Amino acid sequence: MRYAIVIEKAAGNFSAYVPDLPGCIATGSSAEEVAKEIKEAIDFHLEGMRDDGITPPIPQSYSRSNIK
């Protein structure tokens, strides 16, 4: 499964979250770093859900970049 991620520039870093996985977040000093971190966070989040007997949700969100 592929989950949409949102990356935002903050005052001194970047943050990312996954709309379909509440609580799955990451931060990093660059967009590249936060992208790596959120991928690891997704894996960890899904593993925890499976360990708890929870079926991971089917992705519902999608994105389009640079819409004008």
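Novice: What's the story with the overall build of the chain in this structure? I'm lost.
Specialist: Along its length, the chain carries one helix and three strands. Secondary structure elements of the chain occur, N-terminal to C-terminal, as β-β-β-α. Along the three orthogonal principal directions, the C-alpha set of the chain runs to about 40 × 25 × 15 Å. Going through the 68 residues of the chain one by one, you find that 26% of them count as buried. By sequence separation, contacts in the chain at least 24 residues apart represent 31% of the contacts at least 6 residues apart. Of the accessible surface of the chain, which amounts to about 5100 Å², a share of 52% is contributed by carbon and sulfur atoms. Separation of charge centres in the chain, based on 7 positive and 10 negative side chains, amounts to 12 Å.

Novice: Just to check I follow, could you spell out the pairing of strand β1 (residues 6–9) for this structure?
Specialist: Each regular strand shows side chains that alternate between the opposite faces of the sheet. Pairing analysis gives four bridges linking β1 to strand β2 (residues 14–17), with the strands arranged antiparallel. Bridge pairing links Glu8 to Ser15 in β2. Once β1 ends, the chain turns through four residues before running back antiparallel as β2.

Novice: Would you mind showing me how to read the sheet that holds strand β3 (residues 25–28) here?
Specialist: Two strands in a sheet stick together by hydrogen bonds in their backbones, pointing the same way (parallel) or opposite ways (antiparallel). Pairing within the open sheet is antiparallel, and its three strands lie in the order β1-β2-β3. Across the chains shown, the open sheet's two edge strands, defined by having one partner strand only, are β1 and β3. The sheet shows a mean angle of 20° between the axes of neighbouring strands, direction not considered. Relative to the sheet, helix α1 (residues 31–51) contacts β1, β2 and β3, its axis offset from that of β3 by approximately 150°.

Novice: Sorry, what's going on with the nonpolar core here?
Specialist: What tends to happen in soluble globular proteins is that the nonpolar side chains get buried as a cluster. Tyr3, Val18, Leu21, Cys24, Ile38, Ile42 and Leu46 are the most contacted members of the largest nonpolar core, which totals 13 residues. Of all elements in the fold, only β2 and α1 reach the threshold of two or more residues within this core. For this core, the element with the most residues is α1, which contributes six residues. Apart from the residues lying within four places of it in its own chain, the contact partners of Val18 are Tyr3, Ala4, Ile5, Cys24, Ile38 and Ile42.

Conventions used here
- Residues numbered from 1 in each chain as written.
- Predicted model: local features only at pLDDT ≥ 70, side-chain atom pairs only at ≥ 80, totals over all residues.
- Heavy atoms only, no water.
- Helix = DSSP H or I, 4+ residues; strand = E, 2+ residues; numbered from the N terminus.
- Buried < 20%, exposed > 50% of the residue type's maximum accessible area, 1.4 Å probe, protein only.
- Contact = heavy atoms within 4.5 Å.
- Areas by Shrake-Rupley, 256 points an atom, 1.4 Å probe, with all protein chains shown as cover.
- Lys, Arg positive; Asp, Glu negative; His and termini not counted.
- Charge placed at Lys NZ, Arg CZ, Asp CG, Glu CD.
- Pairing = 2+ DSSP bridges.
- Axes fitted to C-alpha atoms, helices over the stretch in contact; angles between N-to-C directions.
- Core = buried A, V, L, I, M, F, W, Y, C linked by side-chain atoms within 4.5 Å.

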